[in-house]
Amino acid sequence: MVKEKATPYEVQTLSSPSAAALFLKNFLGERDRECMVAIHLDLKRKINSVEIVSIGTLNSAPAHPREVFKGAILANAATIILGHNHPSGDPTPSKEDIELTRRMVEAGRILGIEVVDHIILGDDGWVSLREKQLV
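Residues numbered from 1 in each chain as written. Predicted model: local features only at pLDDT ≥ 70, side-chain atom pairs only at ≥ 80, totals over all residues. Heavy atoms only, no water.

## Concerning the pattern of salt bridges
And step 1. Here the structure, examined in full by the defined rule, presents four salt bridges.
And step 2. For R109, the salt bridge is made with E106, and the minimal N-O distance between the two is 2.9 Å. Of this pair, R109 and E106 are both found in helix α3 (residues 95–111), three residues apart, which corresponds to roughly one turn of the helix.
And step 3. In this structure R109 comes out as exposed when scored by relative accessible area, which is 58%.
And step 4. E106 gets classed as partly exposed once you look at its relative accessible area, which sits at 39%.
And step 5. As a salt-bridge pair, E114 and R130 come within 3.8 Å of each other at their nearest N and O atoms. (Salt bridge = Lys/Arg side-chain N within 4 Å of Asp/Glu carboxyl O. Helix = DSSP H or I, 4+ residues; strand = E, 2+ residues; numbered from the N terminus. Buried < 20%, exposed > 50% of the residue type's maximum accessible area, 1.4 Å probe, protein only.)

This is the structure we're talking about:
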């Protein structure tokens, strides 16, 4: 793996949930299926890399910790931000979203890679599971 000096992303530092949501909205665009994304960050919250870890169906994008953290380990990430879209337009987290987030937080704790947030995108807004105290 080669580390580039500059990343091709306009936003290079994600220091707030709103910055992460904007980045994810631009990255994912208008997808018709749920997509789970992992943003790999260094210690200063600068983006190392971004990876789509799961492309699902209309209402789910199953992801396993092994897929989520493989890229993070290879990118030498200190932290990650998870994000996915809800094609229905409603960014309200489902029970499955909350359970998946808790599972990823626990896996990250074991690996030493903190899950900083999980952002869910909808048509007219977004939800930060960190802000809702679900992370």
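## Looking at a nonpolar patch on the surface
And step 1. On the surface, I73, I110 and L111 cluster together into a nonpolar patch covering about 320 Å² of accessible area.
And step 2. Within the fold, I73 resides in helix α2 (residues 65–74). (Patch = residues over 30% accessible without salt bridge, like charges linked within 9 Å, V, L, I, M, F, W, Y side chains within 5 Å. Areas by Shrake-Rupley, 256 points an atom, 1.4 Å probe, with all protein chains shown as cover.)

## Some thoughts on unusual backbone geometry
Phi is mostly negative for residues that are not glycine, and the peptide bonds are mostly trans.
And step 1. Positive phi, normally seen in glycine, also occurs at R45, with a value near 65°.
And step 2. Along the chain, R45 turns up in the loop between β1 (35–41) and β2 (47–55).
And step 3. Of note in this structure, N76 is not a glycine but carries a positive phi near 55°.
And step 4. Within the element layout of this structure, N76 appears in the loop between α2 and β3 (79–85).

## Overview of the packing of aromatic side chains
And step 1. Enumeration over the complete set of coordinates arrives at one aromatic pair.
And step 2. Note on F23 and F27: the rings are 6.0 Å apart at their centroids and 15° apart in plane angle, and the pair reads as stacked. Of this pair, F23 and F27 both sit in helix α1 (residues 17–28), separated by four residues, roughly a single helical turn.
And step 3. Classification of F23 as buried rests on a relative accessible area of 6%.
And step 4. Given the relative accessible area of 28%, F27 is considered partly exposed. (Phe/Tyr/Trp six-rings, centres within 6.5 Å; stacked < 30°, edge-to-face > 60°.)

## Observations regarding α3
And step 1. Here α3 contains 17 residues, and its C-alpha end-to-end distance of 25 Å stays within 8% of the 24 Å for a straight helix at 1.5 Å per residue.
And step 2. Those residues of α3 lying buried are D97, I98, L100, T101, M104, V105, A107 and G108.
And step 3. Considering only its buried residues, α3 is in contact with β1, α2, β3 and β4 (114–121).
And step 4. Downstream of α3 by one or two residues, G112 has phi in the positive range, about 80°. (Expected span 1.5 Å × (residues − 1). Contact = heavy atoms within 4.5 Å.)

## What to know about the layout of surface pockets
And step 1. Taken as a whole, the second largest pocket encloses approximately 260 Å³ of empty space.
And step 2. Along the walls of the second largest pocket sit 17 residues, with E34, N59, S60, S94 and D97 positioned nearest its centre.
And step 3. For the lining of the second largest pocket, the residue count by class is six nonpolar, seven polar and four charged. (1 Å grid on protein atoms, 1.4 Å probe; cavity = no way out; pocket = protein on both sides within 12 Å on 5 of 7 lines; lining within 4 Å. Points joined across faces, edges and corners; volume = space filled by probe spheres on them. Nonpolar A, V, L, I, M, F, W, Y, C, P; charged D, E, K, R; others polar.)

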